[in-house]
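Residue-level structure breakdown
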Amino acid sequence: FVFLVDAVTGQLERYPTTEEEDAAIIKDRGLFRLLSYNQRMAVRHRRNEKRLLKRTIAALEKQIRTRGLDAEDLQRAEGSTLGIVLPGEEKKYGTKQRTALEDRLEQMGLPVDLR
């Protein structure tokens, strides 16, 4: 999810103005009236796109926090992802070790069978 936040943030940074600057243009009635209809709609559309991107970032960050997907919890996945065989799992999975991802999915209450 973190890479999604980075991608959306990158998209937001590609705009030449900030949401606040667009809002200031819209609020300045004199300046806003000098723009053509299409330019006014473009400024409004651009501001709304930025709002949506910011809300998307906030929603993704909330999901990362609430589902426990923050970087601290996932440090175990660096390098080898082999986990330990849990008691009682030998019969179900044989002697195959579980990965950190499988352990994390189980902790989150999501299906573990990745096949």
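Residues numbered from 1 in each chain as written. Predicted model: local features only at pLDDT ≥ 70, side-chain atom pairs only at ≥ 80, totals over all residues. Heavy atoms only, no water.

Overview of the overall build of the protein chain
When its secondary structure is counted, the protein chain shows seven helices and zero strands. Sorting the 115 residues of the protein chain into buried and exposed places 23% on the buried side. Expressed as a percentage of contacts within the protein chain between residues at least 6 apart in sequence, the contacts between residues at least 24 apart total 48%. Approximately 8600 Å² of the protein chain is accessible, and the part contributed by carbon and sulfur atoms is 56%. (Helix = DSSP H or I, 4+ residues; strand = E, 2+ residues; numbered from the N terminus. Buried < 20%, exposed > 50% of the residue type's maximum accessible area, 1.4 Å probe, protein only. Contact = heavy atoms within 4.5 Å. Areas by Shrake-Rupley, 256 points an atom, 1.4 Å probe, with all protein chains shown as cover.)

Points about the nonpolar core
Counting residues in each nonpolar core, the largest one holds seven residues, listed as Val5, Val8, Leu12, Leu53, Ile57, Leu60 and Ile64. Among the secondary structure elements, those contributing two or more residues to this core are helix H1 (2–13) and helix H4 (37–66). Among the elements that line this core, the one with the most residues is H4, at four residues. With residues up to four places along the chain from it excluded, the contact list for Ile57 reads Val5, Val8, Thr9 and Leu12. (Core = buried A, V, L, I, M, F, W, Y, C linked by side-chain atoms within 4.5 Å.)

What to know about the confidence of the model for the protein chain
Across the protein chain, the average pLDDT comes to 78, with 67% of residues at 70 or higher. This model gives residues 73–81 a pLDDT under 50, and the stretch forms twelve contacts once residues within four places in sequence are excluded. (pLDDT = per-residue confidence, 0-100.)

Here we look at the side chain of Asp22
Mapped onto the elements of the fold, Asp22 is located in helix H2 (residues 19–27). Not counting the four nearest positions on each side in its chain, Asp22 is found in contact with Thr17, Val43, Arg46, Arg47 and Lys50.

Some points on the pattern of salt bridges
For the structure shown, the criterion picks out five salt bridges. A salt bridge links Asp22 to Lys50; its shortest N-O distance comes to 2.6 Å. Taken together, the residues span a long stretch of sequence, with Asp22 in helix H2 and Lys50 in helix H4 at a distance of 28 residues. A residue is classified by how much of its surface remains accessible, and Asp22, at 0% relative accessible area, is buried. Several salt bridges share partner residues, and in doing so they unite Glu19, Glu20, Arg51 and Lys54 into one network. (Salt bridge = Lys/Arg side-chain N within 4 Å of Asp/Glu carboxyl O.)

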